[in-house]
Amino acid sequence: MNEAFTIYKLIILYTLNEIESPLTFGLISDYITGHGYTNYFNVQSAFAELLDADLICCSNTYNTSYYEITSAGKETLDLFGNTLSREIRQEIDDYLKENNHEIIQRVTQISDYTKNTNGEYTATCSLIEKNVPIFEIKLSVSDEEDALRICNNWRTVSNDLYAAAVKNLLRPTEETE
């Protein structure tokens, strides 16, 4: 492909390298298309090529895919990252800094559900910090609709549940005789 397409791939690699947590396609695509580098279809093609070359990897939940740079991707970025102009790197850094809170909120609240062998569903909801789960809840429910509802509500209630759990679990215990 052409030099511009290589730049799109390097932008993706650079962006994933600068964030300590996995990112969604939408977050990266919004940046690239919003800054007028290319269109959505070229971004999709760049992601596909990076995945095929094992320069990025993908993990999926019931409704979201998360992307991370691989060690091969980091090596590629080390070798060819200087192809990205200082202005583009600075623009990406500024974008990540300006949107840090939104990016962190989106990637640190992860939920998914699976069907168990007994026909019930387990909803797993996690808060992730620097790729490490700091809080996780697994709930077994009887139907898929409830599991989906739990996953969908996780974003709005996770911080309150975490704060309540920490408060209650760290309070002094009463000694009984």
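In what follows, the structure referred to is the one given above.
Residues numbered from 1 in each chain as written. Predicted model: local features only at pLDDT ≥ 70, side-chain atom pairs only at ≥ 80, totals over all residues. Heavy atoms only, no water.

Some remarks on helix 2 (residues 25-34)
For clarity, the threshold we go by: Buried means the residue's accessible area, taken with a 1.4 Å probe over protein chains only, is under 20% of the maximum for its type, while exposed means over 50%, and partly exposed covers the values in between. Runs of H or I in DSSP of at least four residues are treated as helices and runs of E of at least two as strands, each being numbered from the N terminus.
Residues Phe25, Leu27, Ile28, Ser29, Tyr31 and Ile32 constitute the buried set of helix 2. Positive phi appears at Gly36, one or two residues downstream of helix 2, with a value of about 75°.

Re the sheet that holds strand 2 (residues 56-60)
We apply this condition: Think of it this way: DSSP has to see at least two bridges between two strands before they count as a pair. In what follows, a contact means two residues having at least one pair of non-hydrogen atoms within 4.5 Å. For helices, the fitted line uses only the C-alpha atoms of the stretch in contact; every axis is such a line through C-alpha atoms, and the angle between N-to-C directions lies from 0 to 180 degrees.
With antiparallel pairing, three strands are arranged side by side in an open sheet as 1-3-2. Looking at strand neighbours, the two that pair on one side only are strand 1 (23-24) and strand 2, the edges of this open sheet. Bridge count between strand 2 and strand 3 (residues 65-69): five bridges; the pairing is antiparallel. When the bridges of strand 3 are listed, Cys58 appears paired with Tyr67. Contacts from helix 1 (residues 3-18) reach strand 1, strand 2 and strand 3 within the one sheet, and its direction differs from that of strand 3 by about 90°.

Thoughts on helix 7 (residues 144-170)
Our working definition: Expected helix span is given by 1.5 Å per residue-to-residue step, counting one fewer step than there are residues. Bending is quantified residue by residue as the angle between axes fitted to the seven-residue window ending at that residue and the seven-residue window starting at it. Distance and chemistry together define a polar contact, namely a pair of N or O atoms within 3.5 Å, with one atom able to donate a hydrogen and the other to accept it when in protein, and with adjacent residues in sequence counting only for side-chain atoms on both sides.
When the terminal C-alpha atoms of helix 7 are compared, their 34 Å separation across 27 residues is substantially less than the 39 Å that a helix rising 1.5 Å per residue should span. By the largest-angle criterion, Arg155 marks the main kink of helix 7, which is about 65°. For helix 7, every residue scored as buried is listed here: Ala147, Cys151, Trp154, Ser158 and Ala165. Buried-residue contacts for helix 7 involve strand 4 (109-115), strand 5 (121-129) and strand 6 (132-141). The N-terminus of helix 7 is capped by Asp143, whose side-chain oxygen sits 3.2 Å from the backbone nitrogen of Glu145.

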